[in-house]
Amino acid sequence: MTQRRGEKPAISIQEHMAIDVCPGPIQPIKQISDYFPRYPRGPPPAAPLRPPSPALSTSSSASTSSPATAAAESDRPNEDKPDRAGAGAAASSPSARRDEDPDVEGYDSDDSTTLGTLEFSLQYDQENNALHCTINRAKGLKSMDHNGLSDPYVKLHLLPGASKANKLRTKTLHNTLNPVWSETLTYYGITDEDMVRKTLRISVCDEDKFRHNEFIGETRIPLKKLKPNQIKNFNNCLEKQLPEFCYDIKYADLTKKTLEVTVWDYDIGKSNDFIGGVSLGINANGERLKHWFDCLKNKDKKIERWHTLTNELPGSLND
């Protein structure tokens, strides 16, 4: 093909597509290990060679890599050994520590992310109306700081209830993923009725001096699992924090109540836009009514359902 000086070469559609799609040979990856979890003490044991089905291959790799990473992280020798607090130490006053709610908005994790485990024990002292919570230690916490470590502390919260008196916390241990607190926090004025209807939420957070404290993970224990005057030990995996709203209401009153759930679009400088809503209660229909009845029939049991939002505002918002 001849070409005059100063004239741009003509490129056919086929040639143009080839140039765009195939810019050149694929360069070899210099370090393939960057794309896989690292194991400080060697790779995990090889899995048996059997061809998994294509539908399960992604979930299987996610579930097997996470425990191995946690085990490798917790087995690092002499990583950090914080000073142990004396067992049975009373919780200090909330004003003595920097205690602000952790930042959950920026929390990014999925089911394959290892958050760590927490060892603790609970005892209901029925004679003195006290609940003793001994926070022993955590293992393999998720790294939250740039140095690959965290500054963890544990916060307790009795649900339902939102007052400051319901919240207790341990001291903060710095630069560690395997903290040892050995610290006892005590709730006083706990009644037998509280032991039946309340839940203890135990959260592990990372303290930050210059930004918001960051949430690492949590576990929840219904107090009805405890027997009076007996110590019960736990070693629980930490879980993600889920949005949850609690209402302090008598069971008998639920038959006369309606739960309205609405979803809105937040706007700055003008009114928020209503997206949709759903109402659950005795006056609902179909699956919404069935969901409400299932909750009433299964006391102290979580009942989850999917519902389609409607574009009609609930009755209380139209008034």
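What this report covers is the structure whose coordinates are included nearby.

What counts, and at which threshold
Residues numbered from 1 in each chain as written. Predicted model: local features only at pLDDT ≥ 70, side-chain atom pairs only at ≥ 80, totals over all residues. Heavy atoms only, no water. Salt bridge = Lys/Arg side-chain N within 4 Å of Asp/Glu carboxyl O. Helix = DSSP H or I, 4+ residues; strand = E, 2+ residues; numbered from the N terminus. Buried < 20%, exposed > 50% of the residue type's maximum accessible area, 1.4 Å probe, protein only. Pairing = 2+ DSSP bridges. Axes fitted to C-alpha atoms, helices over the stretch in contact; angles between N-to-C directions. 1 Å grid on protein atoms, 1.4 Å probe; cavity = no way out; pocket = protein on both sides within 12 Å on 5 of 7 lines; lining within 4 Å. Points joined across faces, edges and corners; volume = space filled by probe spheres on them. Nonpolar A, V, L, I, M, F, W, Y, C, P; charged D, E, K, R; others polar. Contact = heavy atoms within 4.5 Å. Phe/Tyr/Trp six-rings, centres within 6.5 Å; stacked < 30°, edge-to-face > 60°. Lys NZ or Arg CZ within 6 Å of the ring centre and 35° of its normal. Core = buried A, V, L, I, M, F, W, Y, C linked by side-chain atoms within 4.5 Å. Expected span 1.5 Å × (residues − 1).

Section: the pattern of salt bridges
Step number 1: For the structure shown, the criterion picks out 11 salt bridges.
Step number 2: Here R201 ties to E218 by a salt bridge, and the two come within 2.7 Å at their closest N and O atoms. In this pair, R201 is assigned in strand β6 (residues 199-206) and E218 in strand β7 (residues 214-222), connecting sequence segments 17 residues apart. The exposure classification of R201 matches that of E218, with both residues buried.
Step number 3: Bridged by salt links that share partners, the residues K290, D294, K297 and R305 form one connected network.

Points about the sheet that holds β6
Step number 1: One open sheet holds the 4 strands; their spatial order is β4-β3-β6-β7, and the pairing between them is antiparallel. Across the chains shown, the open sheet's two edge strands, defined by having one partner strand only, are β4 (167-169) and β7. Across the sheet, the axes of successive neighbouring strands diverge by a mean angle of 20°, strand direction being ignored.
Step number 2: One ladder, built from 8 bridges, connects strand β3 (residues 152-159) with β6; its direction is antiparallel. Counted as the bridge partner of L158 is L200 from β6.

Section: the layout of surface pockets
Step number 1: If you add up the space inside the largest pocket, you get close to 2,800 Å³.
Step number 2: In this structure, the largest pocket is lined by 49 residues; those nearest its centre are E244, F245, C246, K301 and K302.
Step number 3: The greatest single-element share of the lining of the largest pocket, amounting to 6 residues, is contributed by strand β9 (residues 258-265).
Step number 4: Within the lining of the largest pocket, the residues separate by chemical class into 23 nonpolar, 7 polar and 19 charged.

A short note on the environment of G148
Step number 1: Mapped onto the fold, G148 is located in the loop between β2 (130-139) and β3.
Step number 2: Residue classification places G148 among the partly exposed residues on the basis of a relative accessible area of 29%.
Step number 3: As for G148 and L177, which are separated by 29 residues in sequence, their C-alpha atoms are 8.8 Å apart.
Step number 4: Setting aside anything within four residues of it in sequence, one finds G148 in contact with S143 and L177.

Comments concerning the packing of aromatic side chains
Step number 1: The final tally for this structure, using the stated rule, is 2 aromatic pairs.
Step number 2: When the centroid spacing of 5.0 Å and the interplanar angle of 10° are considered together, the rings of F120 and F234 count as stacked. Placement of F120 in strand β1 (residues 117-125) and of F234 in strand β8 (residues 231-237) is noted, with a sequence separation of 114 residues between them. Summarising the burial analysis for this pair, F120 and F234 share the class buried.
Step number 3: Ring geometry for W264 and F274: centres 5.2 Å apart, planes at 70°, overall edge-to-face. Here F274 lies in strand β10 (residues 273-281) and W264 lies in strand β9, a separation of 10 residues in the sequence.
Step number 4: Taking the relative accessible area as the measure of exposure, W264 reaches 42% and is therefore partly exposed.
Step number 5: On the accessibility criterion, F274 (23% relative accessible area) is partly exposed.
Step number 6: Across from the ring centre of Y153, 3.8 Å away, lies the NZ or CZ of R169, which sits over that ring.
Step number 7: When the ring centre of Y251 is taken as origin, the NZ or CZ atom of K299, which lies over that ring, is 5.1 Å away.

Comments concerning the nonpolar core
Step number 1: Counting residues in each nonpolar core, the largest one holds 32 residues, and the members touching the most others are L118, L156, Y187 and L200.
Step number 2: Every element with two or more residues in this core is listed here: β1, β2, β3, β5 (180-188), β6 and β7.
Step number 3: Discounting residues that sit within four places of it in the chain, L200 has contacts with L122, C133, L156, H157, L158, Y187, T219, R220, I221 and L223.

Structural notes on the sheet that holds β2
Step number 1: The strand order across the open sheet built from 4 strands is β5-β2-β1-β8, with neighbouring strands paired in antiparallel fashion. Both outer strands of the open sheet, β5 and β8, are each paired with one neighbouring strand and no more. Across this sheet, the average inter-strand angle for adjacent strands is 20°, counted without regard to direction.

So, helix α4 (residues 286-297)
Step number 1: Across its 12 residues, α4 extends 17 Å between first and last C-alpha, which sits within 8% of the 16 Å expected from 1.5 Å per residue.
Step number 2: Taken together, the buried positions of α4 are occupied by H291, W292, D294 and L296.

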